[in-house]
Amino acid sequence: MKTVIFDLDGTLADTSADLIASANWCFERMGLAERLDPVTDAATAFRGARAMLTLGMQRAGAFDAERVEEWYPRLLTAYGDAICEETALYPGAVEAIEALRGQGIRVGICTNKPEGLAEELLRRLGVRDMFAALVGADTLPVRKPDARPYVETVARVGGALRQSLLVGDTDTDRKTAAAAGVPCILVTFGPTGEAVRALAPEGLIGHFDGLGPEVARLLG
Ligand SMILES: O=C(O)COP(=O)(O)O
Ligand SMILES: [Mg+2]
């Protein structure tokens, strides 16, 4: 009944370039000269569509919360049209997940990407069938860091909460795991690097090679 639940953006896949391209598509149409950078603004991309819109508007000195909400669905539509141009799974992700599955460990995805976009991306990456369940930002009325999407993902893969953990990349994942009362492994290969240590996760991995040993240590 051991279960490992994965975040998607910034954890399983580097989606930053395609996310930022969709934000820049919006800024162009909004008449803003500001553009986000696919490398230096990657951490903001992993915080999602609203975070990217907010940053671009703030930098342009044109932040407007209503305008963020107005452009949010447009950004998602643009993103959905070009969701897998530059996006790639992180090295070793497939092998590490297959190894967990080979040990009978259940695996699922709990993401703050809207469910339809997450389903589409995983299909394009050819890995949707590896996961027994996927819960997205709009699957339930609440999203991470609320514990409910995580608890629901564990239930949908047929796992037991007390023998589960979350692998993620941000403080949202760390808070979600804490709210659910389960361990959290954070990845250090993303744009925040070793600084994720400050979030005091129960485990850290710098490469997917390290996942199996960390899961064994934390779930026994
Ligand atoms: O789109 C977001 O807000 C982040 O998505 P994630 O939860 O898969 O990292
Ligand atoms: Mg993430």
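This structure is a prediction, so every number in the text was calculated from the model and none was measured.

Conventions used here
- Residues numbered from 1 in each chain as written.
- Chains lettered and ligands numbered in written order.
- Predicted model: local features only at pLDDT ≥ 70, side-chain atom pairs only at ≥ 80, totals over all residues.
- Buried ≥ 20, exposed ≤ 12 C-beta atoms within 10 Å, placed from the backbone.
- Helix = DSSP H or I, 4+ residues; strand = E, 2+ residues; numbered from the N terminus.
- Arc of directions from axis to C-beta.
- Contact = placed C-beta atoms within 7 Å.
- Axes fitted to C-alpha atoms, helices over the stretch in contact; angles between N-to-C directions.
- Parallel < 35°, antiparallel > 145°, perpendicular 65-115°, else oblique.
- Left-handed = near helix turned anticlockwise from the far one by under 90°.
- Pairing = 2+ DSSP bridges.
- Right-handed = clockwise from strand over helix to strand, strands pointing away.

Draft legend 1. Up close: helix α8 (residues 171–180). Within α8, the full set of buried residues consists of Asp173, Arg174, Thr176, Ala177 and Ala180. Around the axis of α8, the buried residues are gathered within 160° of arc, so they sit on the same side. For α8, the elements touching its buried residues are α7 (147–156), β6 (164–168) and β7 (184–187). One or two positions beyond α8, positive phi appears at Gly181, with a value near 75°.

Draft legend 2. Quick peek at the packing of helix α1 (residues 16–30) against helix α3 (residues 49–59). The interhelical angle for the contact between α1 and α3, taken along N-to-C directions, is 45°, at an axis separation of 10 Å. Relative to α3, the element α1 lies oblique. In this structure, α1 meets α3 at a crossing whose hand is right-handed. Taken together, the residues of α3 that come into contact with α1 (itself represented by Leu19, Ile20, Ala23, Cys26 and Phe27) are Met52, Leu53 and Gly56.

Draft legend 3. Broad picture of the pairing of β7. Neither face of β7 is left uncovered, since the one carrying Cys184 and Leu186 and the one carrying Ile185 and Val187 both have all their residues buried. Here 3 bridges tie β6 to β7, and the two strands are oriented parallel to one another. Pairing of Val167 across the sheet is with Ile185, part of β7. At this point the chain moves from β6, through α8, to the parallel β7, and the crossover so formed is right-handed. Where β7 and strand β8 (residues 203–205) come together, 3 bridges link them in parallel fashion. Along β8, the bridge assignment pairs Leu186 with Leu204.

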